[in-house]
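Structure at a glance
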Amino acid sequence: MARVEGTTTAFAFDIDGVLMKGKKPVPGARETVQLLQSLQIPFIFLTNGGGHTEEAHVAKLGQRLGLTLHEKQFVQSHTPFRNLVPEYADKTILVLGGHGQQIRELASAYGFKKVVTSSDLMVEFEHIHPFPEMTNAHHNEHGHCHGQLRGTKISAILVWTSPRDWCLDLQVVTDLLLSAGGQVGTRSCKNGDRSLPNNGYLQDGQPKLFFCNPDFEWSTEHEHPRFAQGAFREALKGIWSHTTSGRAELDYTVVGKPTVATYLYGEQVLRDHNEKTHRWRKITTVYMIGDNPESDVVGANSFKSQHGIEWKSVLVETGVHAPGSVPSHQPHHVAKDVKEAVEWVLKKEGVGRV
């Protein structure tokens, strides 16, 4: 099919299981991205990964692929958290995920000014961890003693990447969701009050809860996918259901693929990038190249663009989706790897020489 003059096809790439397998590039990934650069075809990276600023993450990906990439082409699972800065910049938030000072520094770089980690809570509240023996040294090294957290309102809980110390983080989040006014060490007297909405739970100024990656598992160098942030969320939901005897809903917000918020954000980034490089050219179709039917395929298939752009999904067999298995959601095309996926699209759209 010939491409109409003044229009272009574009791509959105997942990273883990599509371009990278752990720290190693998938065979053909570098050459594929290089091909799109040479053809001047717009593309972005739309990943449920994160834990670093967009600038740092794209630099790391570029180094591993041996290519020059731009941070404006990069949308991570937590990139939409930037939209929360106007509301929470000057309020105390609890951030979860990563290790060391990684997420504290990331949240600060986004513009959040009062950032607390679960390591900080460990330092200030000696007995908050149910079983601290294995992780105590890490928390003592990286926790900051604010000296004022008792009585401080935690306004929001933001999960930026998959938490590392699940035991502590599940305990702390549950404590805060049961608290009075988001203060550590308190319990709301409204919990269990059947005269109130949600049987009194989450009706007393508790912090808002945000997740940024729905994925239950992700592709690493292990032969089988490993737990991701979505698994932590499911664990918390189970604990919440038991704690409330099933009488209360757990209220939370999720961004990241396949949520509409992330695809809206990603499409805007792609349009902005295209306009800066080729203002005269209009994007008509975006192909989402991913390895996970539950996020990449569902997200692309269900997304309705506000700009008349058609999104299509291509599923590759180098990550979560096992070759030969039937995907839980049907993509527009299945390819062996990213190289084959892009070659199929370019041939279909009549772009370049493949």
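In what follows, the accompanying structure is described. (Residues numbered from 1 in each chain as written. Predicted model: local features only at pLDDT ≥ 70, side-chain atom pairs only at ≥ 80, totals over all residues. Heavy atoms only, no water.)

Turning our attention to the environment of Gly181. Among the structural elements, Gly181 can be located in the loop between α7 (166–177) and β9 (208–211). Here Gly181 falls in the buried class, since its relative accessible area comes to 17%. Among residues more than four places away in sequence, those in contact with Gly181 are Lys153, Asp204 and Gly205. (Helix = DSSP H or I, 4+ residues; strand = E, 2+ residues; numbered from the N terminus. Buried < 20%, exposed > 50% of the residue type's maximum accessible area, 1.4 Å probe, protein only. Contact = heavy atoms within 4.5 Å.)

With that settled, the discussion passes to the sheet that holds strand β12 (residues 253–254). Read from one edge of the open sheet, five strands run β7-β6-β8-β9-β12, paired in parallel fashion. Here the strands that pair on one side only, and so sit at the sheet edges, are β7 (114–117) and β12. Examined bridge by bridge, strand β6 (residues 92–96) and β7 share four bridges and lie parallel to one another. Looking at β7, one finds that Val95 is bridged to Thr117. (Pairing = 2+ DSSP bridges.)

It is worth spelling out the packing of helix α1 (residues 29–39) against helix α11 (residues 338–349) at this point. Between α1 and α11, the least distance of the axes is 8 Å, while the angle of their chain directions is 30°. If you check the angle between α1 and α11, you find them roughly parallel. Residue-level inspection shows Ala29, Thr32, Leu35, Leu36 and Leu39 of α1 in contact with α11, the latter providing Val338, Lys339, Val342 and Leu346. Of the residues that constitute the contact of α1 with α11, the class distribution is seven nonpolar, one polar and one charged. (Axes fitted to C-alpha atoms, helices over the stretch in contact; angles between N-to-C directions. Parallel < 35°, antiparallel > 145°, perpendicular 65-115°, else oblique. Nonpolar A, V, L, I, M, F, W, Y, C, P; charged D, E, K, R; others polar.)

The next point concerns the sheet that holds strand β13 (residues 282–290). Where strands meet in a sheet, backbone hydrogen bonds hold them as pairs that are either parallel or antiparallel. Here we have six strands laid out as an open sheet, ordered β5-β4-β1-β13-β14-β15, and parallel in their pairing. The outermost strands of the open sheet, each flanked by one partner alone, are β5 (74–75) and β15 (333–335). Summarising the sheet, strand β14 (residues 310–316) and β15 pair through three bridges and their orientation is parallel. Its bridge partner lying in β15, Val314 is registered against His333. In this fold helix α9 (residues 260–277) packs onto β1 (7–13), β4 (43–46), β5, β13 and β14, with an angle of close to 150° to the strand it touches most, β4.

Glancing now at α7. Helix length check: α7 (twelve residues) gives 16 Å between terminal C-alpha atoms against 16 Å at 1.5 Å per residue, within 8%. Among all positions in α7, only Leu168, Asp169, Leu170, Val172, Val173, Thr174, Asp175, Leu176 and Leu177 are buried. Contact partners of the buried residues in α7: β6, α5 (118–124), α6 (136–142), β8 (156–159), β9 and α8 (229–243). (Expected span 1.5 Å × (residues − 1).)

With that out of the way, let us pick up the nonpolar core. Phe11, Phe13, Leu19, Phe45 and Ile289 are the most contacted members of the largest nonpolar core, which has 30 residues in total. Elements with a minimum of two residues in this core: β1, α1, β4, α2 (54–65), β13, β14 and α11. Counting residues per element, this core draws most heavily on α11, which supplies five residues. Dropping the residues within four chain positions of it, Leu19 is found in contact with Phe13, Asp14, Lys24, Pro25, Val26, Ala29, Val33, Phe45, Leu65 and Val338. Judged by nonpolar contacts, the second largest core, of 27 residues, contains Leu94, Val116, Val173 and Leu250. (Core = buried A, V, L, I, M, F, W, Y, C linked by side-chain atoms within 4.5 Å.)

Once that is clear, we can look at the pattern of salt bridges. Under the counting rule described, the total for this entry stands at eleven salt bridges. Of the charged contacts in the structure, one is a salt bridge between Lys257 and Asp296, with a shortest N-O distance of 2.6 Å. Placement of the pair is Lys257 in the loop between β12 and α9 and Asp296 in helix α10 (residues 293–302), with a sequence separation of 39 residues. Connected through salt bridges with shared partners, the residues Asp14, Lys257 and Asp296 form a single ionic network. (Salt bridge = Lys/Arg side-chain N within 4 Å of Asp/Glu carboxyl O.)

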